[in-house]
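Here are the chains, one letter per residue:
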Amino acid sequence: MSEVTEAAVLNALRVVKDPDLHRDIVSLGFVKDIKICNGAVKFTVELTTPACPVKEQLKTQAHDAVRALPGVDQVNVNMTAQVRSTLGPANLLGDGVKNVIAVTSGKGGVGKSTVAANLAVALAQTGARVGLLDADVYGPNVPIMMGIQGKPLPSATGKIAPKEAHGVKTMSVGYLLEDAQPVMWRGPMLHKALEQFLKDVAWGELDYLLVDMPPGTGDAQISLAQLVPLTGALVVTMPQEVSLTDVRRAISMCKQVKCEILGVVENMSGEIFGRGGGRRTAEKFQVPLLGEIPLEPAVRVGGDSGVPVVVGRPDSEVAAAFREIAGKLAAAVATKQAMALPVLQ
Ligand SMILES: Nc1ncnc2c1ncn2[C@@H]1O[C@H](COP(=O)(O)OP(=O)(O)O)[C@@H](O)[C@H]1O
Ligand SMILES: [Mg+2]
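Residues numbered from 1 in each chain as written. Chains lettered and ligands numbered in written order. Predicted model: local features only at pLDDT ≥ 70, side-chain atom pairs only at ≥ 80, totals over all residues.

Caption draft 1: Main features of the overall build of the protein. The helix and strand tally for the protein stands at 11 helices and 13 strands. The C-alpha radius of gyration of the protein comes to 22 Å, within 12% of the 20 Å expected for a compact globule of 345 residues. A burial count over the protein gives 46% of its 345 residues as buried. Restricting the contact set of the protein to residue pairs at least 6 apart, pairs at least 24 apart contribute 75%. (Helix = DSSP H or I, 4+ residues; strand = E, 2+ residues; numbered from the N terminus. Rg over C-alpha atoms; globule rule 2.2 N^0.38 Å. Buried ≥ 20, exposed ≤ 12 C-beta atoms within 10 Å, placed from the backbone. Contact = placed C-beta atoms within 7 Å.)

Caption draft 2: Quick peek at the packing of helix α5 (residues 187-199) against helix α6 (residues 219-227). Running from N to C, α5 and α6 point in directions that differ by 45°, and their axes come no closer than 9 Å. Looking at the two axes, α5 sits oblique to α6. Note on packing geometry: the crossing formed by α5 with α6 is right-handed. Across the interface between the two elements, G187, L190, H191, L194, E195 and L198 of α5 pack against D219, A220, S223, L224 and L227 of α6. Per-class residue counts for the contact of α5 with α6 are 6 nonpolar, 3 polar and 2 charged. (Axes fitted to C-alpha atoms, helices over the stretch in contact; angles between N-to-C directions. Parallel < 35°, antiparallel > 145°, perpendicular 65-115°, else oblique. Left-handed = near helix turned anticlockwise from the far one by under 90°. Nonpolar A, V, L, I, M, F, W, Y, C, P; charged D, E, K, R; others polar.)

Caption draft 3: Broad picture of the sheet that holds strand β8 (residues 163-165). Strand order in the open sheet formed by 8 strands is β8-β9-β7-β10-β6-β11-β12-β13, and the pairing between neighbours is mixed. The open sheet has two free edges, formed respectively by β8 and β13 (289-294), since each of these has just one partner strand. Taking the axes of each pair of neighbouring strands and ignoring which way they run, one obtains an average angle of 25° across the sheet. For strand β7 (residues 130-134) and strand β10 (residues 208-212), the ladder comprises 5 bridges, and the chain directions are parallel. Across the sheet, residue L132 finds its bridge partner in β10, namely L210. (Pairing = 2+ DSSP bridges.)

Caption draft 4: Representation of helix α1 (residues 6-13). The complete set of buried residues in α1 reads V9, A12 and L13. Down the axis, α1 shows its buried residues gathered within 100° of arc, on one side only. (Arc of directions from axis to C-beta.)

Caption draft 5: Structural detail: the packing of helix α3 (residues 112-125) against helix α11 (residues 317-338). One way to put it is that α3 packs onto α11 with a least axis distance of 9 Å and a crossing angle of 75°. Judged on the interaxial angle alone, α11 and α3 are roughly perpendicular. For the pair α3 and α11, the contacting residues are N118, L119, A122 and L123 in the first and F322, R323, I325, A326, L329 and A330 in the second. Tallied by class, residues from the contact of α3 with α11 come to 8 nonpolar, 1 polar and 1 charged.

Caption draft 6: A look at the domain arrangement of the protein. One can read the domain layout of the protein as domain 1 (6-81) and domain 2 (100-338). The gap between the C-alpha centroids of domain 1 and domain 2 is 34 Å. In this assembly, 8 residues from domain 1 lie in contact with 14 residues from domain 2. Grouping the amino acids of the side of domain 1 that touches domain 2 by side-chain chemistry returns 5 nonpolar, 2 polar and 1 charged. (Domains from an automatic or database assignment.)

Caption draft 7: Structural view of the sheet that holds strand β5 (residues 74-81). Ordered in space as β3-β4-β5, the 3 strands form an open sheet in which the pairing is mixed. Because the sheet does not close on itself, it has two edges, and the strands there are β3 (31-37) and β5. Strand-to-strand twist in this sheet, taken as the mean axis angle between neighbours without regard to direction, amounts to 10°. Relative to strand β4 (residues 40-47), β3 runs antiparallel, the two sharing 5 bridges. Bridge pairing links K32 to T44 in β4. α1 contacts β3 and β4 of the sheet and is inclined by roughly 130° relative to β3. Running at roughly 150° to β5, helix α2 (residues 55-67) makes contact with β4 and β5 of the sheet.

Caption draft 8: Just the nonpolar core, in detail. The biggest cluster of nonpolar side chains holds 103 residues, and the ones touching the most others in it are L119, A120, L123, L210 and V211. Take this core: its biggest share by element is 12 residues, from α11. In contact with L210, not counting residues within four places along its chain, are I101, V103, A116, L119, A120, V130 and L132. (Core = buried A, V, L, I, M, F, W, Y, C linked by C-beta atoms within 7 Å.)

Caption draft 9: Representation of unusual backbone geometry in the model. A positive phi angle, near 55°, is found at K258, a position not held by glycine. The residue K258 is located in the loop between α7 (244-256) and β12 (261-269) in this model. Residue K258 is classed as exposed on the basis of its C-beta count, with 9 C-beta atoms lying within 10 Å. Notably, M268 is not glycine yet its phi reads approximately 65°, a positive angle. Inspection of the secondary structure puts M268 in strand β12.

Caption draft 10: Representation of the pairing of β10. Across the 5 residues that make up β10, a large majority, 5, are buried. Along β10, one buried face is formed by Y208, L210 and D212 and the opposite face, lined by L209 and V211, is buried too. Across 4 bridges, the pairing between strand β6 (residues 100-104) and β10 is parallel. The partner of A102 across the bridge, within β10, is V211.

Here you go:
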């Protein structure tokens with residue numbers, strides 16, 4: 001009987017390719033802790049996101065590739081993930097936050113906050129550490145959508161402790177305002193508020209910080225991009241063609257601040273508003289379409305009651321759409337990170 005070696009195991013695993021990164025898991029450095037005991041082989045595959053949409057597929061392929069080696073009669077694959085940073089050296093957020101993603105749109109009412117909240121929760125459900133910053137100081141929606149009340153408290157380090165719900169750490173100007181208090185934010189105040197939310201909140205270790213941006217002039221986009229390096233932006237659109245002008249504004253704003261567009265999401269797809277605006281936008285501006293979310297009353301009910309639909313109705317079609325988009329978003333971030341990875345031989 002031939003003896004199984006680590007080199008043989010690694011060689012066998014070179015057939016397993018990450019479909020997003022277009023490279024094999026060995027040269028990407030994903031294979032770790034190989035243990036061989038007679039015919040039993042154990043190893044770990046460390047992906048760059050726990051939200052990897054093809055995790056199970058990769059696990060099966062890795063298992064089968066090693067199982068086919070002569071002398072191997074048992075294979076145990078342990079799947080883990082370590083999200084890597086796209087932000088470079090420490091910034092205002094310290095170095096615990098690995099990726100910052102702005103969720104943006106050309107205008108209000110397209111479902112930006114709804115999408116941001118559900119994607120944040122869907123990412124957290126995969127095991128990722130996630131934060132949601134409500135940068136929409138004009139109409140903070142995060143407290144209601146996540147079902148959070150009360151003022152934030154100081155943390156042990158003297159910073160403000162984020163408020164947590166559904167596995168996501170959140171901060172919103174809504175926690176600091178009295179009910180229905182009108183706020184006349186001017187540019188410099190907005191900048192200062194965003195700076196505090198980044199610097200003075202004890203975000204801790206986060207794989208993804210999603211930022212629910214306000215619609216409109218772009219002040220917030222410019223401020224955010226000046227304050228922290230951004231991994232990229234997710235643009236939310238509605239199906240109708242009319243909103244293309246607004247989308248164009250959102251996209252050119254991102255380009256102006258040199259923020260990469262990670263993808264477009266079409267929200268409220270279906271009978272009433274039609275379909276296809278997201279696809280047309282993606283084609284026109286040459287950015288990826290990450291998915292379409294149907295117009296579905298359960299989404300609004302979830303938002304109004306503080307239980308996002310991915311938690312309240314996890315088996316629904318719309319929850320599945322959110323999970324699929326969360327996976328694609330994480331994959332887009334991982335692809336960006338991988339550009340900087342060394343190739344292992
Ligand atoms: N896919 C959807 N199906 C049904 N209602 C939705 C959907 N997406 C958003 N909504 C509802 O539309 C309204 C606007 O969404 P919201 O997320 O507040 O938009 P924005 O943050 O862009 O202003 C909310 O009442 C929300 O519950
Ligand atoms: Mg909103």
